[in-house]
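# Secondary and tertiary structure notes
Spelled out from the first residue to the last, the chains are:
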Amino acid sequence: MNDQRSAAGAAAVAVPEAVAVPGGAAGPRGRGAALAPVALVVAGGLSVQFGSAVAVLLMPRAGAFGVVTLRLAVAALVMLIVCRPNVRGYTRADWGTVLAFGLAMGGMNTLFYQAADRIPLGAAVTLEVLGPLALSVVASRRLANLVWAGLALGGVVLLSGGGFDRLDPVGAACALGAGAMWATYIVFSARTGRRFPQADGLALALVVAALLSLPLGLMESGSKLLVPSTLGLGAMVALLSSVLPYTLELMALRRLPAPTFAILMSLEPAIAAAAGFLVLDQALSTTDALAIALVIGASMGAVRSQTRRVRSRERA
């Protein structure tokens, strides 16, 4: 779905010790300081999903592969300029990690946009978020988290209406595949973060992902990608879906406990459904809304369950 997911995914899979939030004192000023990072995360989520909605509008011009190419190429260029990553002094294992990170990132974006081209945006994000949720359940190794997995599965069954042919089976399969890539992305994002300083690993992985997507984009759209209006919309998608939300979430994580961050990220299917309705006129049925609510509830429950487990360990 989005290249800035490294922090979000890491928080959802292995919740670290909560970070104290500055400004926790009582009073309007303290409450405002505490709410500021929450507002940053919500703004990042809105940016991601409305950027995805703009990408769907761009697909008739550039195709799904072309949109991925434009998004990743522009995002990679911006991150290279901002980060200016050093490419010396790294081992073969370091480069193998960043290569795997870039492959997961490219696969995640490619599959997600193939899904968004075929099924409503809210449904695509709901199915995609199952990847990190499954990884969270497996990583926790707790029986209680199977309840959350069952709740999410119930949401998926509702969303499919008894069969994914209602959604378009190829689109649903692509969304699920994007979720699997998202889970892989989370694993290699954490490893890349340990091996590369600041956002250097992300910038280099974006270059890998952009280079991998380039042949597909050129085969599908060719010179259409160079049309100024198409380039402009592609740059907008890159900024809305990659650069801006990554920056906002990075700022938020400096003052926001990771469990709270992960719970807020669980709201993204609802934000995607709203973006699909407002930008793409993709109305939700009551059943679809209930299905999305079940998946959101399962994601929040899994994160809260892990948070309680970490706190109990700290007290022991």
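Owing to the predicted nature of the structure, the values given are computational and were not obtained by experimental measurement. (Residues numbered from 1 in each chain as written. Predicted model: local features only at pLDDT ≥ 70, side-chain atom pairs only at ≥ 80, totals over all residues. Heavy atoms only, no water.)

### Details of unusual backbone geometry
Positive phi, close to 45°, is recorded for R84, a residue that is not glycine. Its place among the elements puts R84 in the loop between α2 (28-83) and α3 (92-116). Backbone geometry places D281, a non-glycine residue, at a positive phi of 60°. Among the secondary structure elements, D281 is positioned in the loop between α11 (268-280) and α12 (286-315). (Helix = DSSP H or I, 4+ residues; strand = E, 2+ residues; numbered from the N terminus.)

### Describing the side chain of T69
The residue T69 is located in helix α2 in this model. Since its relative accessible area comes to 4%, T69 is described here as buried. (Buried < 20%, exposed > 50% of the residue type's maximum accessible area, 1.4 Å probe, protein only.)

### Some words on the environment of V156
For V156, the position within the fold is in helix α6 (residues 144-160). Under the relative-accessibility criterion, V156 is labelled buried at 9%. Measuring from C-alpha to C-alpha, the distance between V156 and A291 comes to 6.5 Å, with 135 residues separating the pair along the chain.

### Notes on the nonpolar core
Of all hydrophobic cores here, the largest spans 62 residues; its most connected members are M105, F112, Y113, L127, Y185, L202 and L206. Per-element tally for this core: the top contributor is α2, with 15 residues. (Core = buried A, V, L, I, M, F, W, Y, C linked by side-chain atoms within 4.5 Å.)

### Comments concerning the pattern of salt bridges
Between side chains of opposite charge, a pair can form as their charged atoms come close. In the structure shown here, the tally under the stated rule is 1 salt bridge. Residue D94 pairs with R195 through a salt bridge whose shortest N-O separation is 2.6 Å. In this pair, D94 sits in helix α3 while R195 sits in helix α7 (residues 169-195), placing the two residues 101 residues apart along the sequence. Residue classification places R195 among the partly exposed residues on the basis of a relative accessible area of 37%. (Salt bridge = Lys/Arg side-chain N within 4 Å of Asp/Glu carboxyl O.)

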